[in-house]
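These are the residues of each chain, in order.
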Amino acid sequence: MKSAKLVKSLRVDDPDRFRLASFDPSSTAGLAKSDAGPILDGDIKRLRQLQERLYAEHRWAILVVLQGMDTAGKDGVIKHVMAGVNPQGCDVHPFKPPIGEELDHDFLWRAALRLPRRGHIGIFNRSYYEETLVVRVHPELLERQQLPKQLVGKGIWQERFHDIRGFERHLARSGVLVLKFFLHISKEEQRQRLLDRIEEPAKRWKFSIGDIAERALWNRYTAAYEDMIRATSRPQAPWHIVPADRKWFARLAVATVMVDALERLDLKCPKVEGAALKKLAKVRQALVSERREKDS
C-alpha cells in the first residue's frame, strides 16, 4: 500500500460519521510483517532527515499525541519510531494523573507548559485528552479539580471538547503541527498482553492491578473514545486510528503518517547567501591556507 493511501485510510476526515467499530484493530492494510521491516527502516531514516531540516529551519514545531487503552503500545511506538531522531530535538512527556500545582490550574495548563519549541518534536504519551476520558469514566475525579460547583454540569464534556478544539486551532495558527494517534487495540489482544506481563519476569514491573479494574470498564472507555474522536477530529488536528493488535504495523503506521506530514511542510535548511556567503568563502580560504602552511 502506498503511503498516501495508508495515511488516508487511518485519518478521521468525516467525524460525524465516525464509528470506532468500523476500524479493525487487527488490520495490517494488506501488508505482511516481512515487508514491514524495510519500510519502517526507510521511514525512520527519512524521519531523521526531516527532523534535521525541522530543527535547522526553526519555524515549525511538531506535537505527537498518543492515546490508547492500557497495553496499546504507546511506549513501543515511541521507542521504535523515534529510534533514529536526534534526542536534542525531541522531547517526550508522559502524562500521569494531575497532582499538586497541576490541580490548581485549568486542565490544559500542564499540557501548555510541555508544548514543543520551534524546531522540535514533542511527544505526549497520554495527554490533555485524559480529561475527557479517565475523568469522564470516573467523574468523581472532577471533585479533586476543585471547580466551582455551578460549572460542573452535564455539558462539561462538550465544553471541554470545545476548549480542546480552540486550543488546537491556536496551536495550528502558531506553527505547531498536531498529529494525533489513537492506538486501537482489541479487548482480546489486551487480555493476552496483560497475561504476558504477568507470566514473563522481565515484564512484571509493567503490570498494575489497576489495569484490571480499568479493563472492566472497557465499554465505557470505548464510548468515551468514540465521542472524543468524533468531537475533536478537525482538519487542523485530525485523529488517526491506528490498528494496534500487531505492534509492528502500529509502529509502521505512525511512522508513515509522521513522514507524510513532515514532507508536506516542505522543510528546508536555511540558505547562506549574500554577504554571509562571501564571509564564509573567506573563512574557508583561510582554513585551506592554514592547512597548506602546515604541510609546507
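Notes on the structure follow. Just so it is clear, the structure is predicted and the values come from calculations on it, not from any experiment.

As a further point, take the packing of helix α1 (residues 3–10) against helix α10 (residues 247–264). Running from N to C, α1 and α10 point in directions that differ by 105°, and their axes come no closer than 9 Å. Taken as axis vectors, α1 and α10 run roughly perpendicular relative to one another. The segment α1 lies against α10, with S3, L6, V7 and L10 engaging F249, A253, T256, V257 and D260. Of the residues in the contact of α1 with α10, the class split is 6 nonpolar, 2 polar and 1 charged.

Another point: the pairing of strand β1 (residues 61–68). Of all 8 residues in β1, 8 are buried, a share of seventy percent or more. Of the two faces of β1, the one carrying A61, L63, V65 and Q67 and the one carrying I62, V64, L66 and G68 are both buried. Inspection of the sheet shows β1 paired to strand β4 (residues 176–184) by 8 bridges, in the parallel sense. The residue bridging Q67 from the neighbouring strand is F182, located in β4. Taken together, the 5 bridges between β1 and strand β3 (residues 121–125) define a ladder with parallel strand orientation. What sits directly across from V64, in β3, is I123.

Our next topic: the pattern of salt bridges. Using the criterion set out here, one finds 18 salt bridges in the structure. A salt bridge links D227 to R136; its shortest N-O distance comes to 2.7 Å. Of the two residues, D227 is situated in helix α9 (residues 218–232) and R136 in helix α5 (residues 134–137); the sequence distance between them amounts to 91 residues. Classification of R136 as partly exposed rests on a relative accessible area of 26%.

Conventions we followed
Residues numbered from 1 in each chain as written. Predicted model: local features only at pLDDT ≥ 70, side-chain atom pairs only at ≥ 80, totals over all residues. Heavy atoms only, no water. Axes fitted to C-alpha atoms, helices over the stretch in contact; angles between N-to-C directions. Helix = DSSP H or I, 4+ residues; strand = E, 2+ residues; numbered from the N terminus. Parallel < 35°, antiparallel > 145°, perpendicular 65-115°, else oblique. Contact = heavy atoms within 4.5 Å. Nonpolar A, V, L, I, M, F, W, Y, C, P; charged D, E, K, R; others polar. Buried < 20%, exposed > 50% of the residue type's maximum accessible area, 1.4 Å probe, protein only. Pairing = 2+ DSSP bridges. Salt bridge = Lys/Arg side-chain N within 4 Å of Asp/Glu carboxyl O.

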